[in-house]
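A structural walkthrough
Residues per chain, in single letters:
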Amino acid sequence: MKKIIYVLLVSVFIFNCNTSKNSASKKDERLENLKQNDTVKIVNEEIEYEIIIIEPGFNFWLVSRARPRQYYSQQYLENRNLIYVIEWNQRVLQPQRFDTNLYEMQIDYRQGIDYGYEVNYLLYNYFIYFQMTYNQRLGSFVPRI
């Protein structure tokens, strides 16, 4: 009887050790998937332009709350993005006034360059997400979806 209990305890111990390894690897896999899902890469290969956004929750917000593609015209997106980029870059250059964790790098976005609809759409939606998430205002108008 003691041998049966001993074998049973050892097998339970081995089973539990094996289960924790699987759950740890599954947890790591889930975290990696979240990182990949929270990374949005905006690319226009014709003009060699690339933006990488690593923001927790942005991809989910984009899919669940943002207006669908083609809702806004490209001209509308370009005009808003220009306003947002100018304000963003001014804040990057004033680290004593604005949080450097929010405004880390300047954005090289120039008027008159056709970045394409997709770049403008994703950049615009990131600015809206950013303003709503961090309670910031990058223009004279209230950010809305």
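Residues numbered from 1 in each chain as written. Predicted model: local features only at pLDDT ≥ 70, side-chain atom pairs only at ≥ 80, totals over all residues. Heavy atoms only, no water.

Take unusual backbone geometry next. The bulk of non-glycine residues show a negative phi, and the bulk of peptide bonds are trans. Not every positive phi belongs to a glycine, and Gln 70 is a case in point at roughly 75°. In this structure, Gln 70 sits in the loop between helix H2 (58–64) and helix H3 (74–92). You will see that Asn 135, though not glycine, has its phi angle at about 55°, which is positive. Within the fold, Asn 135 resides in the segment after helix H4 (117–134). Here Asn 135 falls in the exposed class, since its relative accessible area comes to 70%. (Helix = DSSP H or I, 4+ residues; strand = E, 2+ residues; numbered from the N terminus. Buried < 20%, exposed > 50% of the residue type's maximum accessible area, 1.4 Å probe, protein only.)

Here Gln 131 is to be found in helix H4. Setting aside residues up to four positions removed in sequence, Gln 131 forms contacts with Tyr 84, Gln 136, Arg 137, Leu 138, Gly 139 and Pro 143. (Contact = heavy atoms within 4.5 Å.)

Its 18 residues place the ends of H4 26 Å apart at the C-alpha level, agreeing with the 26 Å of an ideal helix rising 1.5 Å per residue. The buried fraction of H4 is high, at 14 of 18 residues. Trailing H4 by a residue or two, Asn 135 shows a phi angle of about 55°, which is positive. (Expected span 1.5 Å × (residues − 1).)

A separate point is H3. Taking 1.5 Å of rise per residue, 19 residues should cover 27 Å, and H3 covers 26 Å from first to last C-alpha, within 8% of that figure. For H3, the complete set of buried residues consists of Leu 77, Arg 80, Asn 81, Leu 82, Tyr 84, Val 85, Trp 88, Asn 89, Arg 91 and Val 92. Tucked inside the fold, the buried residues of H3 contact H4.

Glancing now at the packing of aromatic side chains. The tally for this structure, following the rule as stated, stands at 22 aromatic pairs. Their ring planes at 40° and their centres at 6.4 Å tell us that Tyr 126 and Tyr 129 sit as a pair that is tilted. Pair noted here: Tyr 126 and Tyr 129 are both in helix H4, with a separation of three residues, about one helical turn. (Phe/Tyr/Trp six-rings, centres within 6.5 Å; stacked < 30°, edge-to-face > 60°.)

Trp 88, Tyr 103, Tyr 109 and Phe 127 are the most contacted members of the largest nonpolar core, which has 32 residues in total. At the level of elements, strand E2 (49–54), H2, H3 and H4 are the ones that each hand at least two residues to this core. Element by element, the count of residues in this core is highest for H4, at 11 residues. (Core = buried A, V, L, I, M, F, W, Y, C linked by side-chain atoms within 4.5 Å.)

As a further point, take the confidence of the model for the protein chain. With 67% of its residues at a pLDDT of at least 70, the protein chain reaches an overall mean of 77. Looking at the elements of the protein chain, mean pLDDT is at its lowest for helix H1 (residues 2–37), recorded as 53, and at its highest for H3, recorded as 94. (pLDDT = per-residue confidence, 0-100.)

Glancing now at the environment of Gln 136. Assignment of secondary structure puts Gln 136 in the segment after H4. In the structure, Gln 136 is positioned 34 residues away from Leu 102 in sequence and 9.8 Å away in space, judged by C-alpha atoms. A distance of 2.8 Å separates the side chain of Gln 136 from the side chain of Tyr 103, its partner in a polar contact. (Polar contact = N/O pair within 3.5 Å; in protein donor to acceptor, adjacent residues only side chain to side chain.)

Time to look at the pattern of salt bridges. Counted by the stated rule, this structure contains three salt bridges. A salt bridge links Glu 118 to Arg 69; its shortest N-O distance comes to 2.7 Å. Placement of the pair is Glu 118 in helix H4 and Arg 69 in the loop between H2 and H3, with a sequence separation of 49 residues. Residue Glu 87 is joined to Arg 91 by a salt bridge in which the shortest nitrogen-to-oxygen separation is 2.8 Å. You can see Glu 87 and its partner Arg 91 sitting in helix H3, four residues apart, about one turn around the helix. (Salt bridge = Lys/Arg side-chain N within 4 Å of Asp/Glu carboxyl O.)

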